[in-house]
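Listed below are the residues making up each chain.
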Amino acid sequence: MLANSGYGTRSEVRKMISRGLFCVNGTVVKDPSFAVNENDIVTAGDKEISSKTNLYYKLDKPDCYLTAMEDKRLPAIADLIPSNIRTKKISPVGRLDYHTTGLLILTNDGELSHRLTSPRYEVPKTYLIGYSGDALGQEHVRMFSEGIVLEDTDGKISLKPASLRLIDDSTCELTITEGKTHQVRRMLAKFGRSVITLRRIRIGNITVDGLREGVPEEMTDEEITELKKALGIST
Ligand code: URA
């Protein structure tokens, strides 16, 4: 609770607790494993500490899951979140298509969620793409880097510059800083390529590396701090 309230990393907070710096309901508590509940009043000196806790999880979304916290018909990522976490009202930041796999961030921190999805903050999101059609080339790298214009379902949309890295004749990596509906699929469709597999591998400083598919994992204090810093949120 203290770490989530910005008092330091978990290990720093443990040391502070052992030194007797915090009281629960007026009594000094020196045991770092002491569990506070919602109604407890935690104080440091004469300052009351809010027990509002923000939670930050990352998830490697499997194929054939909806990015939704509830769905009666289809498997949804909610099914992958243990109920004790679900009750904290965390929700996914942005959306991946049913057939897109890879990194999702889940949180109950509204400010972070807003900034991560707002194009204003230009958080880079990187996708690994398997596609069909002729191999993309340097001309596509250049056009993406200059910003392309989509003219499909929603009329004319000018996209921000995107970074395309060619891997082989049917695989590439694309980094974008906005999140229009089906953006990656539409960007490739503009050049007559079809996305066959789509996987998000990075959001800002957070990567999908090391996650077990379908198993949510809490973000580390370092990851949260770095992400907030990049978004201009004070910690
Ligand atoms: N772009 C897409 O087309 N689909 C996704 O799921 C994410 C980005």
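Fair warning: this is a prediction, and the values are worked out from it, not measured in the lab. (Residues numbered from 1 in each chain as written. Predicted model: local features only at pLDDT ≥ 70, side-chain atom pairs only at ≥ 80, totals over all residues. Heavy atoms only, no water.)

A. Local environment of the overall build of the protein. Regarding its fold elements, the protein presents six helices and 15 strands. Expressed as a percentage of its 235 residues, the buried residues of the protein come to 43%. For the protein, long-range pairs separated by at least 24 residues make up 61% of all intrachain contacts whose partners lie at least 6 apart in sequence. Within the structure as shown, the protein displays about 12,900 Å² of accessible surface, and the carbon and sulfur contribution to it stands at 48%. Seen as two clouds, the 33 positive and the 33 negative side-chain charges of the protein have centres 3 Å apart. (Helix = DSSP H or I, 4+ residues; strand = E, 2+ residues; numbered from the N terminus. Buried < 20%, exposed > 50% of the residue type's maximum accessible area, 1.4 Å probe, protein only. Contact = heavy atoms within 4.5 Å. Areas by Shrake-Rupley, 256 points an atom, 1.4 Å probe, with all protein chains shown as cover. Lys, Arg positive; Asp, Glu negative; His and termini not counted. Charge placed at Lys NZ, Arg CZ, Asp CG, Glu CD.)

B. Seen up close, unusual backbone geometry. For Cys 64, which is not glycine, the phi dihedral falls at a positive 65°. Mapping Cys 64 onto the fold places it in the loop between strand E5 (56-61) and helix H2 (83-86). On the accessibility criterion, Cys 64 (30% relative accessible area) is partly exposed. Of note in this structure, Glu 122 is not a glycine but carries a positive phi near 50°. By the secondary structure assignment, Glu 122 is in the loop between helix H3 (110-117) and strand E8 (125-132).

C. How the structure looks around H3. When we look at burial in H3, the residues that qualify are Leu 112, Ser 113, Arg 115 and Leu 116. Residues of H3 that are buried make contact with E5, strand E7 (101-107), E8, strand E13 (194-203) and helix H6 (221-230). A side-chain oxygen of the first residue of H3 lies 3.2 Å from the backbone nitrogen of Glu 111; this N-cap is Asp 109. (Polar contact = N/O pair within 3.5 Å; in protein donor to acceptor, adjacent residues only side chain to side chain.)

D. Representation of the domain arrangement of the protein within the structure. Domain boundaries assigned for the protein yield domain 1 (10-49), domain 2 (56-119 + 205-231) and domain 3 (124-203). Put simply, the middle of domain 2 and the middle of domain 3, counted by C-alpha atoms, are 22 Å apart. With 17 residues of domain 2 in contact, the opposing surface of domain 3 contributes 13 residues. Between domain 2 and domain 3, the buried area comes to about 1,300 Å², and carbon and sulfur atoms account for 39% of it. Considering only the side of domain 2, the residues that lose the most area to domain 3 are Asp 97, Leu 103 and Pro 119, jointly responsible for 32% of the buried surface there. Counting across the domain 2 and domain 3 interface gives two salt bridges. Note that Arg 199 and Asp 60 form a salt bridge whose closest N and O atoms lie 2.9 Å from each other. Across the domain 2-domain 3 interface, the total number found is 13 residue pairs in polar contact (both at pLDDT 80 or more). When contributions to the side of domain 2 that touches domain 3 are tallied by element, the ones reaching two or more residues are E7 and strand E14 (206-207). Per-element accounting of the side of domain 2 that touches domain 3 gives the leading share, five residues, to E7. (Domains from an automatic or database assignment. Buried area = accessible area lost by both parts, 1.4 Å probe. Salt bridge = Lys/Arg side-chain N within 4 Å of Asp/Glu carboxyl O.)

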